[in-house]
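Close look at the chain arrangement
What follows is the residue order along each chain.
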Amino acid sequence: MIWSKRSILFPSVSADTRILWLLRIASGMAAGLVLLILFFLFAESLPLLWKVQTGRFITDTSWHPVEGAYNLAPMLSGTLYAAGGALFLATPLGIASALFVAYYASPRLGGIYLRLVELLAGIPSVVYGFWGLTTLVPLINELHPPGASLLAGILVLTLMILPTIALTAHAALRALPVEYLHSAAALGMSRWGIIRGVVLPAARMGITAGIILAAGRAIGETMAVLMVTGNVVQYASTVYDPIRTLAANIALEMPYALGDHRAALFVTGLALMLLVIALWSAAARIGRN
Amino acid sequence: MGNAETASARGTPGNAWQDRLAEWSVYVVALLISAVFLWMLSDLALGGIEHLSWSFLLDPPQNAGRGGGIGSILVSTVLVLLIALVVALPLGWAAAVMLSEYVSSDSRFGHTVRHSLQVLAAVPSIVFGLFGNAFFSIYLGLGFSILSGGLTLACMLLPILVSTAEAGLRALPDTYRSSAMALGMSRAATVFHVLLPAAAPALITGLLLGIGRVMAETAALLFTSGYVDRMPESLLDSGRTLAMHIFDLSMNVPGGDAAAHASALVLIVALLLINLLAMKLATSWQRGKIAAE
């Protein structure tokens with residue numbers, strides 16, 4: 001084989017440097033993509049940012065972009081309520097799942113459960129939305145009409161971000177040195193005593209980083225939330241009220257938006273992206289410590 | 001140390017009920033999540049199975065999707081997928097080779113590339129949709145087309161392809177590299193003839209995960225590849241992917257629920273198969289590595 005492929009195995013030096021240049025260009029393109037995305041979002045938002053003071057996006061009287069009223073605050077509240085509620089539910093469930101796999105279940109059962117959580121992570125958001133629309137929304141409607149509500153959004157989002165929290169928490173637990181567990185057990189501590197007193201404090205950083213990543217996912221999620229929350233631009237006073245999130249607003253209005261309206265949607269997208277980058281940087285900093 | 005001391009005080013036998021409570025709640029949570037998962041799967045399976053048939057898979061949709069099948073939609077899905085992969089695979093794997101073989105892990109260049117890819121992985125898909133619309137559809141003039149949808153998804157795929165391929169290459173023992181060097185192979189030849197083939201399971205795992213990601217995507221395609229459910233005649237035609245079809249049927253088409261259920265079932269089964277295959281490859285690859293050392 002070596003003889004027949006001599007020319008490939010010993011290419012000239014110039015071929016080697018040429019390939020290196022190709023690799024450099026490819027990785028440069030990959031790295032430059034974030035900047036390109038930011039640039040285009042910014043360029044499309046600029047006509048409106050030029051005209052309208054940034055403060056008006058939360059102080060205007062309402063969201064009527066065609067008439068020049070750009071109040072995003074109700075949708076911001078929708079995003080924060082939905083994401084906050086989902087985090088509130090998914091955090092304990094996700095951490096408990098990780099503890100179950102790491103310390104309670106037998107290796108076989110734990111493995112199966114972990115795989116199930118991984119599969120849950122692979123289900124598309126449109127399928128979560130569809131299931132929420134056909135199953136959860138009618139159930140909530142019986143409880144308290146109209147069904148399509150903040151509550152439905154929170155429940156669907158909980159299911160969607162739970163795998164993120166569970167898998168990162170599990171990774172953080174597995175990264176703990178075994179000596180911690182052995183020494184704690186040698187002190188005669190009970191299983192819950194070890195978890196509460198040693199494991200959770202020691203894995204705190206990794207778990208927090210996972211929660212922050214999940215928060216980013218919850219804030220940016222579009223389709224599933226759009227399908228179950230009813231999409232009324234308003235401040236929710238109870239969990240049974242329909243709401244609209246920032247991301248859903250982009251998906252709903254982009255098809256017919258023109259001019260300043262379109263620019264307002266790009267401003268929303270830019271804000272979402274900056275928010276998620278900020279969250280990611282926080283998670284990365286915590287994860288590094 | 002301080003932790004262990006306070007903890008030992010908490011873990012006294014007097015707190016046995018706490019222990020039992022914790023154990024119970026952890027088991028209940030696991031049971032609850034498994035139950036919800038099975039509930040969802042069985043809902044989708046039962047709702048979709050009666051509508052599912054060969055003709056459903058092959059026929060074009062009729063009457064906005066209420067009747068007919070998903071033939072043209074599967075074709076559009078595959079086309080979008082192919083474009084995304086053809087663009088993202090070479091770029092992603094080249095970047096991975098660069099990061100793992102040519103730059104040291106703490107160099108400035110490697111740091112920048114890795115960081116920006118991680119940021120890219122965190123960007124919400126609706127933002128990719130906005131970018132794809134502004135850049136591919138309007139700035140490059142591709143319009144609402146399979147091409148601009150595929151290119152948008154290629155951008156989304158890059159982080160996942162680079163990170164899996166880089167991890168796979170880094171996991172290869174250094175003896176591979178030194179042996180190749182001892183044989184007088186050039187660096188490029190080492191990469192193409194030794195390292196990439198040896199890391200193939202990791203590359204394929206990344207590829208499968210990427211396929212899953214593309215098939216699941218809706219928000220990024222809303223205003224790049226569009227809604228049209230006809231059989232696409234060229235890559236510049238608008239085409240509707242399977243995930244988009246489910247969205248459209250359930251939100252915009254009254255009476256489309258049966259077809260939406262069946263489409264969701266097709267999508268879920270395809271994705272579950274792809275994910276299981278990826279997991280199997282990843283674990284068998286890890287096991288092989290341990291055995292080899």
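What you see is a predicted model, and the numbers here were worked out from it, not measured in a lab.

Reading the values: rules and limits
- Residues numbered from 1 in each chain as written.
- Chains lettered and ligands numbered in written order.
- Predicted model: local features only at pLDDT ≥ 70, side-chain atom pairs only at ≥ 80, totals over all residues.
- Helix = DSSP H or I, 4+ residues; strand = E, 2+ residues; numbered from the N terminus.
- Rg over C-alpha atoms; globule rule 2.2 N^0.38 Å.
- Buried ≥ 20, exposed ≤ 12 C-beta atoms within 10 Å, placed from the backbone.
- Contact = placed C-beta atoms within 7 Å.
- Axes fitted to C-alpha atoms, helices over the stretch in contact; angles between N-to-C directions.
- Parallel < 35°, antiparallel > 145°, perpendicular 65-115°, else oblique.
- Left-handed = near helix turned anticlockwise from the far one by under 90°.
- Nonpolar A, V, L, I, M, F, W, Y, C, P; charged D, E, K, R; others polar.
- Domains from an automatic or database assignment.
- Core = buried A, V, L, I, M, F, W, Y, C linked by C-beta atoms within 7 Å.
- Expected span 1.5 Å × (residues − 1).
- pLDDT = per-residue confidence, 0-100.

**Details of the overall build of chain A**
- Check the secondary structure of chain A and you find 13 helices and two strands.
- Relative to the globule expectation of 19 Å for 289 residues, the C-alpha radius of gyration of chain A, 24 Å, shows a markedly less compact shape.
- Expressed as lengths along the three principal axes of its C-alpha atoms, the size of chain A is roughly 70 × 65 × 35 Å.
- Counting over 289 residues, chain A shows a buried share of 50%.
- Long-range contacts, defined as pairs at least 24 residues apart, comprise 74% of the intrachain contacts of chain A with a sequence gap of at least 6.

**Some remarks on the overall build of chain B**
- In terms of helices and strands, chain B carries 12 helices and two strands.
- When the elements of chain B are put in sequence order from the N terminus, they spell out α-α-α-β-β-α-α-α-α-α-α-α-α-α.
- Taking 2.2 N^0.38 as the reference for a compact globule, 293 residues should give roughly 19 Å; the C-alpha atoms of chain B span a radius of gyration of 24 Å, well beyond that estimate.
- When burial is assessed residue by residue, chain B has 48% of its 293 residues classed as buried.
- Counting contacts in chain B only where the partners sit at least 6 residues apart, residues at least 24 apart contribute 75% of the total.

**Observations concerning the packing of helix H7 (residues 150-174) of chain A against helix H10 (residues 204-220) of chain A**
Residues and elements named next belong to chain A.
- Between H7 and H10, the least distance of the axes is 8 Å, while the angle of their chain directions is 155°. Of the possible angle classes, the one that applies to H7 and H10 is roughly antiparallel. Along this stretch, H7 crosses H10, giving a crossing that reads as right-handed. Judged by residue contacts, Leu157, Ile161, Thr164, Ile165, Thr168, Ala169, Ala171 and Ala172 of H7 engage Gly206, Ile207, Ala209, Gly210, Ile211, Leu213, Ala214, Arg217 and Ala218 from H10.
- Of the residues contributing to the contact of H7 with H10, the split by class is 12 nonpolar, four polar and one charged.

**Focus on the domain arrangement of chain A**
- Taken domain by domain, chain A holds domain 1 (6-44) and domain 2 (63-288).
- Just the C-alpha atoms count here: the centres of domain 1 of chain A and domain 2 of chain A sit 35 Å apart.

**Regarding the nonpolar core**
- In terms of nonpolar packing, the biggest core is built from 189 residues, with Val156 of chain A together with Leu158 and Ile246 of chain B touching the most fellow members.
- The element best represented in this core is H7 of chain A, accounting for 17 residues.
- Residues lining this core come from more than one domain, with at least three contributed by each of domain 1 (6-44) and domain 2 (63-288) of chain A.
- If sequence neighbours within four positions are ignored, Val156 of chain A has contacts with Tyr128, Gly129, Gly132, Leu136, Ala224, Val225 and Val228 of chain A.

**Concerning the interface of chain B and chain A**
- With 77 residues of chain B in contact, the opposing surface of chain A contributes 77 residues.
- Counting residues per element, the side of chain B that touches chain A draws most heavily on helix H2 (residues 16-49) of chain B, at 16 residues.
- For the side of chain B that touches chain A, a count of residues per class yields 53 nonpolar, 18 polar and six charged.

**Section: helix H12 (residues 246-253) of chain A**
- For H12 of chain A, a buried count of six out of eight residues is recorded, marking the element as mostly surrounded by other parts of the structure.
- Those residues of H12 of chain A that sit buried are Leu246, Ala247, Ala248, Asn249, Ile250 and Ala251 of chain A.
- Those residues of H12 of chain A that are buried are in contact with helix H4 (73-104), H10, helix H11 (223-228) and helix H13 (259-288) of chain A together with helix H6 (125-139) of chain B.

**A short note on unusual backbone geometry**
- Pro145 of chain A connects to Pro146 of chain A through a cis peptide bond whose omega is 10°.
- Its location among the elements puts Pro146 of chain A in the loop between helix H6 (125-143) and H7.

**Section: the packing of helix H8 (residues 178-186) of chain A against helix H9 (residues 191-202) of chain A**
All names here are of chain A.
- Relative to each other, H8 and H9 sit at 160°, their axes nearing to 10 Å. Looking at the two axes, H8 sits roughly antiparallel to H9. Crossing of H8 against H9: the hand is right-handed. Every residue of H9 that contacts H8 at Tyr180, Leu181, Ala184 and Ala185 is listed here: Ile194, Val198 and Ala202.

**Side note on H10 of chain A**
- Its 17 residues give H10 of chain A an end-to-end C-alpha distance of 25 Å, which sits within 8% of 24 Å, the value for a rise of 1.5 Å per residue.
- The buried fraction of H10 of chain A is high, at 14 of 17 residues.

**Remarks on the environment of Asn71 of chain A**
All names here are of chain A.
- For Asn71, the position within the fold is in the loop between strand S2 (69-70) and H4.
- Along the primary structure Asn71 and Pro107 are separated by 36 residues, whereas in three dimensions their C-alpha atoms are 52 Å apart.
- In this structure Asn71 touches Ile58, Asp60, Thr61, Ser62 and Trp63, once residues within four positions along its chain are discounted.

**Some remarks on the environment of Phe192 of chain B**
Residues and elements named next belong to chain B.
- Here Phe192 is to be found in helix H9 (residues 187-198).
- Residue classification places Phe192 among the partly exposed residues on the basis of 17 C-beta atoms within 10 Å.
- A C-alpha to C-alpha distance of 9.9 Å links Phe192 and Val97, two positions 95 residues apart in sequence.

**A look at the confidence of the model for chain B**
Residue and element names in this part refer to chain B.
- Of the residues in chain B, 92% have a pLDDT of 70 or more, and the chain-wide mean is 86.
- With pLDDT under 50 throughout, residues 1-11 is counted as low confidence; its partners more than four residues away or in other chains account for 27 contacts.
- The ipTM assigned to the predicted complex is 0.89, against a pTM of 0.88.

**As for the confidence of the model for chain A**
All names here are of chain A.
- Considering every residue of chain A, the mean pLDDT works out to 89; 95% of them sit at 70 or more.
- At the low end of the mean pLDDT range in chain A sits helix H1 (residues 6-9), at 51; at the high end sits H4, at 95.
- The low-confidence segment residues 1-6 (pLDDT under 50) makes one contact with residues lying over four places distant or belonging to another chain.

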